[in-house]
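# Secondary and tertiary structure notes
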Amino acid sequence: MKLAVCVKEVPEASARTRIDPGTLRLDRSGAAALNPFDAHALEEALRIKEGSGEGNVVAIMVAPARAADSLRKALAIGADRAVHVSDDALAGSDLVATARVLAKAVEREGPDLVLLGQQGADSDGAVLWSALADLLRLPVVSQAASVELGDGKVTVKRQTEYGYDVIETPLPAVVAVSDAINEPRYPSLKGIMGAKKKPFETLSAADLGLAADDVGEPGARTEVLALADPPSRGEGLRIEDDGSAAERIVDYLAERKLI
Amino acid sequence: MPGSLVFLEEHEGKFGKGSLGVLAKAAQLGGDVAAFVAGSGVRELAPEAGRFGAAKVYVADDPALAAPLPQPRVDVLAALVRAEGFDTVLFGSSVLSADVAAGLAARLGAGLNWDLVDLEVRDGTLVGKRPALQDSVYIDVGWKGEPRLALVRSGTFEPVESGGEATVEDVAVELEEFSTQAVMLERAHAESEGPSIEEADVIVAGGRGLGEPAKFVLLEELAQALGGAVAATRAVVDAGWYPYATQVGQTGKTVAPKLYVACGISGAIQHKVGMQASGTIVAINKDPNAPIFEYADVSVVGDLHQIVPRLTELVKARG
Ligand SMILES: Cc1cc2nc3c(=O)[nH]c(=O)nc-3n(C[C@H](O)[C@H](O)[C@H](O)COP(=O)(O)OP(=O)(O)OC[C@H]3O[C@@H](n4cnc5c(N)ncnc54)[C@H](O)[C@@H]3O)c2cc1C
Ligand SMILES: Nc1ncnc2c1ncn2[C@@H]1O[C@H](COP(=O)(O)O)[C@@H](O)[C@H]1O
């Protein structure tokens, strides 16, 4: 069983992220991390591999060179190999341009199952898988709360606006998992040491045979025009608990006649 | 002027409220507005779109479209958009619509802007407004080339009846082989079991920060003391900790109680859209950077396991 997991790098949750007013792109100069939502996709791949006793897991990332450490973390957690598509020509890619790059990288692997996370913590896009699957001409199922493999097919339980669906599709397929599907493991010390010896490939757009017009800024069909402040809201009350938080909440609610 | 096309979602003989809201907004923006609906036995429903602003409704009525799966819809829509030359295709966000929109974007090589909370025509061009980075900044987004694809955040536009009539046109259904591989074994219906949270004046909601399902009892005690109901996030509902009927958010309920107490909830956008209209939001989270603090009225940084039981005691004591 060949498993591919698509992972991205996002700004560290504690970092105060911002959009650069000059370039109108996300300022990625601060501390960054492996997208926490993708840890669930990686965990699911590792469980499938361990459950079947065979197989290998490749983690694929489309990101600038400095994101290599986040991809190495996927190796430390347990991926067998990493593919990093990194090229200045990819800067400014939008959804479809990114999907084109990822599709080429995935195609090269020919996996039985492609797993993605439910969203980028930075983009809240939650749509990439469907674009990717269309380019790969593979079936896709999103929001998977559970994934079961058997007999050349995958069965997914997932939540929509109306409740739970069960969907089955033959492999190869693309599945995006919900963050409730599992509890991701942390990298062990052994994993971190071992990661250094695992295959780590770096590819350019040209290596994947991508045309310059299809990717990056020239390939993008959406653009950011301007930044604005969010609608202002009243100053909230902030309480750092020192043992009296409950009392202060009650005072606040009582003052406003909410209790 | 080819105009815009609005994707209407259908479930059990009704149009989705979100997609009708987007249709009404499109009609308000002006120009020719058409709608598209796909499913099995949906033809009868189609004219209803006229009341919400569609001049024409394209219908793909075929047993192959019975299950609400995205890929066959992408096939039909792509052919329709190419044939009619629509310059804009709009979607109200949902699990199905998001997947259709992104698949269509890839098929047509088109730009898709998502999570929009407003649309306007500025100097003759469409501009979308999107909150980004946990809604801490708003960005104006545009499109380079046509068609322009847009996904609107759920709950953004209310369906407004304008009382018009629509002509109905059938469209051909030709599907790609890969699009028909996925099949639905069980289909969701709104589950009626479980408590109703929509009427409650006070809601105490819990997320993964509770640590384990048994800890919901802490919230049940607080809710009882406050005379309210207990709600949950998708993360804990998906994990089987609490019933789906109590879920708040994009794929759950939309609530607006006087008081919403969020315990161990990070405050993801998809949760926020279901509870942002609450009168007062109190959030208890041990992470000082939790996104929910961006929109809570009272942000309490601390351990819910310490704070909630004490809170219950104090509320009870006031009796
Ligand atoms: C298409 C789509 C639809 C979705 N629909 C919904 C929806 O309808 N409703 C919904 O809720 N989500 C929805 N989601 C999921 C959403 O994106 C989040 O994944 C989810 O809301 C997270 O749930 P959570 O806050 O319980 O968990 P987490 O994000 O894991 O947050 C847990 C929080 O608990 C805090 N915590 C941990 N321990 C403690 C402690 N001891 N004391 C205090 N705080 C603690 C942590 O700091 C953290 O902030 C949807 C996602 C997608 C992609
Ligand atoms: N640049 C990227 N490289 C690899 N995978 C990605 C990339 N961007 C997004 N993904 C995958 O797509 C999912 C959805 O991301 P997004 O559409 O950005 O919210 C993520 O959880 C990842 O699995």
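Below, the structure is looked at part by part.

Another point: the site of ligand 2. Residue and element names in this part refer to chain A. In the vicinity of ligand 2 lie 20 residues, with Cys6, Asp38, Val62, Gly120 and Ser123 positioned nearest. One nitrogen or oxygen atom from the side chain of Asn35 is found 3.5 Å from an oxygen atom belonging to ligand 2. In the environment of ligand 2, an oxygen atom lies 3.4 Å from a nitrogen or oxygen atom belonging to the backbone of Leu128. When ligand 2 sits alone it has 480 Å² of accessible area, and the protein chains cover 95% of it. Counting only elements with at least two residues in the shell around ligand 2, the list comes to β4 (56-62), α3 (95-109) and α4 (128-136). For the shell around ligand 2, the leading source of residues is β4, giving three residues. Class assignment for the residues of the shell around ligand 2 results in eleven nonpolar, seven polar and two charged.

Here we come to the site of ligand 1. Close to ligand 1 lie 29 residues; A:Asp179, B:Thr233, B:Ser266, B:Gln270 and B:Asn285 are nearest. More than one chain reaches ligand 1: its neighbouring residues belong to chains A and B. At 2.6 Å from an oxygen atom of ligand 1 is found a side-chain nitrogen or oxygen belonging to A:Asp179. Interatomic distance of 3.1 Å between a backbone N/O atom of B:Arg234 and an oxygen atom of ligand 1.

Our focus in this paragraph is the interface of chain B and chain A. Interfaces are often sized by the accessible area lost when the parts come together. Each side of the interface is counted separately: chain B has 87 residues, and chain A has 80 residues. Both sides together, the interface formed by chain B and chain A hides about 7,200 Å², and carbon and sulfur atoms give 55% of it. Seen at the junction of chain B and chain A, the total is four salt bridges. Between A:Arg137 and B:Glu176 there is a salt bridge, and its shortest N-O distance comes to 2.5 Å. Run the count over chain B and chain A and you get 37 residue pairs in polar contact (both at pLDDT 80 or more). For the side of chain B that touches chain A, the element with the most residues is helix α3 (residues 95-108) of chain B, which contributes eight residues.

Moving on: the pattern of salt bridges. All told, the structure shown has 39 salt bridges over all chains when counted by the stated rule. A:Glu201 is paired through a salt bridge with A:Arg81; the nearest N and O atoms lie 3.9 Å apart. Here the residue A:Glu201 occupies a position in strand β11 (residues 200-203), and A:Arg81 occupies one in strand β5 (residues 81-85), the gap between them amounting to 120 residues. One salt bridge in this structure joins B:Arg43 and B:Asp170, with 3.0 Å as the shortest N-O distance. Note that B:Arg43 is positioned in the loop between β4 (33-39) and β5 (56-61) and B:Asp170 in strand β12 (residues 167-170), a separation of 127 residues in sequence. For B:Arg43, a relative accessible area of 39% puts it in the partly exposed group. Given a relative accessible area of 44%, B:Asp170 falls into the partly exposed group. Through salt bridges with shared partners, a single network forms among A:Glu43, A:Arg47, A:Glu50 and A:Arg185.

All names here are of chain A. Taken together, the side chains of Leu189, Ile192 and Met193 present a nonpolar region at the surface, about 310 Å² in accessible area. If you trace the backbone, Met193 turns up in helix α5 (residues 189-195). Since its relative accessible area comes to 49%, Met193 is described here as partly exposed.

Residue and element names in this part refer to chain B. Of all five residues making up strand β16 (residues 259-263), five are buried, and the element is well covered by its neighbours. As judged from the five bridges shared by strand β14 (residues 202-206) and β16, these two strands associate in the parallel manner. In the sheet register, Val204 faces β16, and the bridge partner there is Val261. Sheet analysis places β16 next to strand β17 (residues 280-285), joined by five bridges and oriented parallel. By the bridge assignment for β17, Leu259 is matched with Thr280.

Let us now look at the environment of A:Lys198. All names here are of chain A. Structurally, the position occupied by Lys198 is in the loop between α5 and β11. On the basis of relative accessibility, which here comes to 23%, the residue Lys198 falls in the partly exposed class. Here the alpha-carbon distance between Lys198 and Val177, two residues 21 residues apart in the chain, equals 26 Å. Ignoring anything within four residues of it in the chain, the contact list for Lys198 reads Leu75, Gly78, Ala79 and Asp80. A polar side-chain atom of Lys198 sits 2.9 Å from the main-chain carbonyl oxygen of Leu75. Reaching out from Lys198, the side chain makes a polar contact with the backbone oxygen of Ala79 at a distance of 2.9 Å.

Here the focus is the packing of aromatic side chains. Summed over the entire model, instances satisfying the criterion amount to five aromatic pairs over all chains. On the basis of an interplanar angle of 15° and a centroid distance of 4.0 Å, the ring pair of B:Phe216 and B:Tyr242 is categorised as stacked. One end of the pair, B:Phe216, is in helix α4 (residues 216-226); the other, B:Tyr242, is in the loop between α5 (234-238) and β16, with 26 residues separating them in the sequence. The structure contains a cluster of three or more aromatic residues connected by ring pairs, namely B:Phe7, B:Phe36 and B:Phe91. Above the ring of A:Tyr164, the side-chain terminus of A:Lys157 is found at 4.5 Å from the ring centroid.

As a further point, take the sheet that holds strand β13 (residues 237-240) of chain A. As summarised here, the arrangement of the six strands in space is β13(A)-β18(B)-β17(B)-β16(B)-β14(B)-β15(B), forming an open sheet in which the pairing is parallel. Pairing within the sheet leaves two strands with one partner each, and these edge strands are β13 of chain A together with β15 (229-232) of chain B. Each neighbouring strand pair of the sheet contributes to a mean axis angle of 15°, computed without reference to strand direction. Across the sheet, helix α7 (residues 245-255) of chain A lies against β13 of chain A together with β16, β17 and β18 (298-301) of chain B, angled at about 160° from β13(A), the strand it touches most. Contacting β16, β17 and β18 of chain B, helix α7 (residues 304-318) of chain B runs over the sheet at an angle of about 135° to β17(B).

Attention shifts here to the sheet that holds strand β7 (residues 140-150) of chain A. Ordered in space as β11(A)-β5(A)-β4(A)-β1(A)-β6(A)-β10(A)-β7(A)-β8(A)-β9(A)-β13(B), the ten strands form an open sheet in which the pairing is mixed. Only two strands of the sheet have a single neighbouring strand rather than two, namely β11 of chain A together with β13 (183-186) of chain B. Strand-to-strand twist across the sheet, computed as the mean angle between neighbouring axes with direction ignored, equals 30°. Relative to β5(A), β4(A) runs parallel, the two being bridged by five bridges. Residue A:Val62 lies in a different strand from β5(A), and its bridge partner there is A:Val85. This element, α4(A), spans β1 (2-6), β6 (113-116), β7 and β10 (173-177) of chain A of the sheet and lies at about 65° to β7(A).

Reading the values: rules and limits
- Residues numbered from 1 in each chain as written.
- Chains lettered and ligands numbered in written order.
- Predicted model: local features only at pLDDT ≥ 70, side-chain atom pairs only at ≥ 80, totals over all residues.
- Heavy atoms only, no water.
- Near = heavy atom within 4 Å.
- Polar contact = N/O pair within 3.5 Å; in protein donor to acceptor, adjacent residues only side chain to side chain.
- Areas by Shrake-Rupley, 256 points an atom, 1.4 Å probe, with all protein chains shown as cover.
- Helix = DSSP H or I, 4+ residues; strand = E, 2+ residues; numbered from the N terminus.
- Nonpolar A, V, L, I, M, F, W, Y, C, P; charged D, E, K, R; others polar.
- Contact = heavy atoms within 4.5 Å.
- Buried area = accessible area lost by both parts, 1.4 Å probe.
- Salt bridge = Lys/Arg side-chain N within 4 Å of Asp/Glu carboxyl O.
- Buried < 20%, exposed > 50% of the residue type's maximum accessible area, 1.4 Å probe, protein only.
- Patch = residues over 30% accessible without salt bridge, like charges linked within 9 Å, V, L, I, M, F, W, Y side chains within 5 Å.
- Pairing = 2+ DSSP bridges.
- Phe/Tyr/Trp six-rings, centres within 6.5 Å; stacked < 30°, edge-to-face > 60°.
- Lys NZ or Arg CZ within 6 Å of the ring centre and 35° of its normal.
- Axes fitted to C-alpha atoms, helices over the stretch in contact; angles between N-to-C directions.

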